[in-house]
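Single-letter residue listing:
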Amino acid sequence: MTTVLIAGGGTGGHVFPMIAVGDAVRAAAPDARVVYVGTARGIEVRVMGERGDALELLHVLPLRGGGLSGFVRGAARAGRVLPEARRLVERLDARVVLSLGGYAGGPVSLAARSLGVPLAILEPNSVLGLSNRLLSPIVDRAYIAFPEAARALRASSVRLFGVPLRRAFARAPYAPRDGKLSLLVLGGSQGALALNDVVPRAIAASRARGVDLDVVHQTGRDREPAVRALYVELGLSERARVVPFIDDVAAALAAADVVIARAGASTLAELCAVGRPSILIPYPFAADDHQLKNAQSLARASAAVAIAQADATEARLAGEIARLAADPALRTRMADASAALAAPDAAARVAADLLELARAPRHRALRFPLGGRVERAGEAPRRAAMEEAAPRGAALGWKEAG
């Protein structure tokens, strides 16, 4: 039995592409075993638990978001968890590992490479995340969705396949209505505080301009009561359906005329797969500002309106909503432009390539002792002799995987 190990998690932007690839692997090879690796911090525990997927958990801390001290703590924890990750890869007899970054991706990837297991990364954004950037020199494959991401990767490893999506996401006919708008607000699986506050106010302002609309607003878990109260305060409770989380996002997109969302790669891929116009407000603190770059890519294709969060005022958003409501032909062109960017076969292509890697001979095993040096199997005696001969405190440099 071929075991495919898929590591990552945290937010929907990681978890749902992981699931899409896993489902595609099982569809292509029904006898394959798919095992996911994540952490207890992410939504993978709930989502994969509800599905009954095989999920292994590692206790890993984030590298980013906590300043220098947070990075040091995260790096130290990742180093300590490497032996556990190695035992996991060995116990499951993984034949190939796919990492989507995130907390668990780094340790599992290094463990796999130390055992000679073929390694792939998936980068859905236009800018490589930190984990994928650090892993890029030692991977066999790098699956990307934006051509811009290829600049930081070894050309022979790159496969421009798109963002893997679950099969529910497919092109839906767009039939705009004159004078009425169905608006879908998506803040991501964790919600978006800025969207939760400014969008209801912008909707109220656009209705004051005479725009006839209704709204479905996903708030993120634990944020529903405050957003619902705001819609009541604005006199919109009869026109707004407020929910913490939307399980069937594909159906919600198909029912929408316009979508207001952040600009995570998975969200944009889903928009394009269904084919819907959008107003994108990128999260301004995303690593390397990748959400802004994602949004600008769609805006250049005339598929979306991209507005930086600092510019996403009540008045600006109300004006964009009113403009789109008044121009059904424009919305249709945007929907078509969005659909033209879709990659509906991305999950199947990634799965097929992973299974091909799984059948390939293993690499020579490498060792990753604490301290980060990569060491080929059988090299320990020579290394010990070098250390004995070296002056105390002398550094032995990084030996890159070949």
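Note: the structure precedes this text.
Just so you know, the residues in each chain are numbered from 1, in the order the chain's sequence is written. In keeping with the predicted nature of the model, local features appear solely for residues at pLDDT of at least 70, side-chain atom pairs appear and are counted solely at 80 or more, and the whole-chain, interface and lining totals rest on all residues. Only hydrogens and water are removed before side-chain values are computed, so all heavy atoms of the structure are retained for them.

What follows covers the sheet that holds strand E12 (residues 278–280). For two strands to be treated as a pair, DSSP must find no fewer than two bridges joining them. Numbered from the N terminus, helices here are DSSP runs of H or I no shorter than four residues, and strands are runs of E no shorter than two. Strands sit in the order E10-E9-E8-E11-E12-E13 across an open sheet of 6 strands; the sheet is parallel. The sheet terminates laterally at strand E10 (240–243) and strand E13 (304–306), the two strands that pair on one side only. In this sheet, adjacent strand axes meet at a mean angle of 15 degrees when their direction is disregarded. Both strand E8 (residues 180–186) and strand E11 (residues 258–261) contribute to a ladder of 4 bridges, which runs parallel. Residue pairing in the sheet places Leu 183 in a bridge with Val 258 of E11. In this analysis, two residues are considered to be in contact whenever any of their non-hydrogen atoms come within 4.5 Å of each other. Whenever a helix is involved, its axis is fitted only over the stretch in contact; in every case the axis is a line through C-alpha atoms, and angles between N-to-C directions fall within 0 to 180 degrees. In this fold helix H10 (residues 290–300) packs onto E12 and E13, with an angle of close to 135 degrees to the strand it touches most, E13. Of the strands in this sheet, E8, strand E9 (212–218), E11, E12 and E13 are in contact with helix H11 (residues 314–325), which crosses E12 at around 165 degrees.

Centres within 6.5 Å are what make two rings of Phe, Tyr or Trp a pair, Trp counting through its six-membered ring; a difference in plane orientation under 30 degrees is then read as stacked, over 60 as edge-to-face, and the rest as tilted. Applying the stated rule across the entire model yields 2 aromatic pairs. A centroid spacing of 5.7 Å and a plane angle of 15 degrees characterise the contact between Tyr 143 and Phe 161, whose relative ring orientation is stacked. With Tyr 143 in strand E6 (residues 141–144) and Phe 161 in the loop between strand E7 (158–160) and E8, this pair connects stretches of sequence that are 18 residues apart. The pair Tyr 143 / Phe 161 is uniform in exposure class, with both members buried. On the numbers, 5.7 Å between centres and 75 degrees between planes, the contact of Tyr 283 with Phe 285 is edge-to-face. Judged by its relative accessible area of 64%, Phe 285 falls in the exposed class. Look at NZ for Lys and CZ for Arg. If either is within 6 Å of the ring centre and within 35 degrees of the ring normal, a charge sits over the ring. The ring of Phe 245 has Arg 46 sitting right over it, with the charged end atom 4.7 Å from the ring centre. Over the aromatic face of Phe 16 sits the side chain of Arg 166, whose NZ or CZ is 4.1 Å from the ring centroid. A simple rule labels every residue: compare its accessible area, found with a 1.4 Å probe on the protein chains alone, to the largest value its type can have, and call it buried under 20%, exposed over 50%, or partly exposed in between.

Looking at the secondary structure, you find Ala 342 in the loop between helix H12 (328–340) and helix H13 (346–359). Filtering out sequence-adjacent residues up to four positions away, Ala 342 remains in contact with Cys 272 and Ala 273.

A few words on the sheet that holds strand E3 (residues 54–57). Pairing in this open sheet of 7 strands is parallel, and the strands run E3-E2-E1-E4-E5-E6-E7 from one edge to the other. The sheet is open, and its two edges are formed by E3 and E7, each paired on a single side. Strand-to-strand twist in this sheet, taken as the mean axis angle between neighbours without regard to direction, amounts to 25 degrees. Relative to strand E4 (residues 94–99), strand E1 (residues 3–7) runs parallel, the two being bridged by 5 bridges. Directly across from Ile 6, in E4, lies its bridge partner Leu 98. Set on the sheet, helix H1 (residues 12–28) makes contact with E1, strand E2 (33–38), E4 and strand E5 (119–123); between it and E2 the angle comes to about 165 degrees. Across the face of the sheet, helix H2 (residues 44–51) comes into contact with E2 and E3 while running at roughly 155 degrees to E3.

Here we come to helix H9 (residues 265–274). Every α-helix winds through 3.6 residues per turn, so residues three or four apart in the chain are directed the same way. In terms of burial, H9 is largely enclosed, as 9 of its 10 residues are buried. Here H9 has its buried residues at Ala 265, Ser 266, Leu 268, Ala 269, Glu 270, Leu 271, Cys 272, Ala 273 and Val 274. The inward-facing, buried residues of H9 abut H1, helix H8 (249–255), E11, E12, H10 and H12. Just downstream of H9, Gly 275 is the residue with a positive phi angle, here 85 degrees.

To continue, consider unusual backbone geometry. A positive phi is found at Asp 93, a non-glycine position, where the angle reads about 55 degrees. Looking at the secondary structure, you find Asp 93 in the loop between helix H3 (67–92) and E4. The phi dihedral of Ser 302 is positive, around 65 degrees, even though this residue is not glycine. Mapped onto the elements, Ser 302 comes out in the loop between H10 and E13.

Let us look at the packing of helix H6 (residues 193–208) against helix H7 (residues 224–233). Axis separation between H6 and H7 bottoms out at 10 Å; the angle between their running directions is 20 degrees. By the angle between their directions, the pair H6 and H7 is classed as roughly parallel. For H6 against H7, the interelement crossing comes out right-handed. In this structure, H6 uses Asn 196, Asp 197, Pro 200, Arg 201 and Ile 203 to contact H7, whose residues at the interface are Val 227, Leu 230 and Tyr 231. By definition in this entry, angles of less than 35 degrees are roughly parallel, angles greater than 145 are roughly antiparallel, angles of 65 to 115 are roughly perpendicular, and the rest are oblique. What makes a crossing left-handed is the near helix being turned counterclockwise from the far one by less than a right angle; a clockwise turn instead makes it right-handed.

Time to look at the pattern of salt bridges. We define a salt bridge as a side-chain nitrogen of Lys or Arg found within 4 Å of a carboxyl oxygen belonging to Asp or Glu. Under the counting rule described, the total for this entry stands at 19 salt bridges. The partner of Arg 362 in a salt bridge is Asp 93, and the shortest N-O contact between them spans 3.5 Å. A residue pair is termed long-range when its members are at least 10 positions apart, and Arg 362 in the loop between H13 and strand E14 (366–367) and Asp 93 in the loop between H3 and E4 qualify at 269 residues. On the basis of relative accessibility, which here comes to 37%, the residue Arg 362 falls in the partly exposed class. With a closest N to O distance of 3.1 Å, Arg 171 and Asp 336 form a salt bridge. Taken together, the residues Arg 171 in the loop between E7 and E8 and Asp 336 in helix H12 connect sequence positions 165 residues apart.

Judged from the 4 bridges that link them, E2 and E3 form a sheet pairing that is parallel. Residue Val 37 lies in a different strand from E3, and its bridge partner there is Glu 56. Handedness of a crossover: with both strands directed away from the viewer, a clockwise path from the first strand across the helix to the second marks it as right-handed. At this point the chain moves from E2, through H2, to the parallel E3, and the crossover so formed is right-handed.

Below, the discussion takes up the packing of H9 against H10. At a minimum axis distance of 10 Å, the contact between H9 and H10 shows a crossing angle of 20 degrees. If you check the angle between H9 and H10, you find them roughly parallel. Crossing hand, H9 versus H10: right-handed. Here Ala 265, Leu 268 and Cys 272 of H9 lie close against H10, whose contacting residues are Asn 294, Ala 295 and Leu 298. In terms of residue class, the contact of H9 with H10 is built from 5 nonpolar, 1 polar and no charged. In the scheme used here, Gly and all other residues not listed as nonpolar or charged are polar, with Ala, Val, Leu, Ile, Met, Phe, Trp, Tyr, Cys and Pro taken as nonpolar and Asp, Glu, Lys and Arg as charged.

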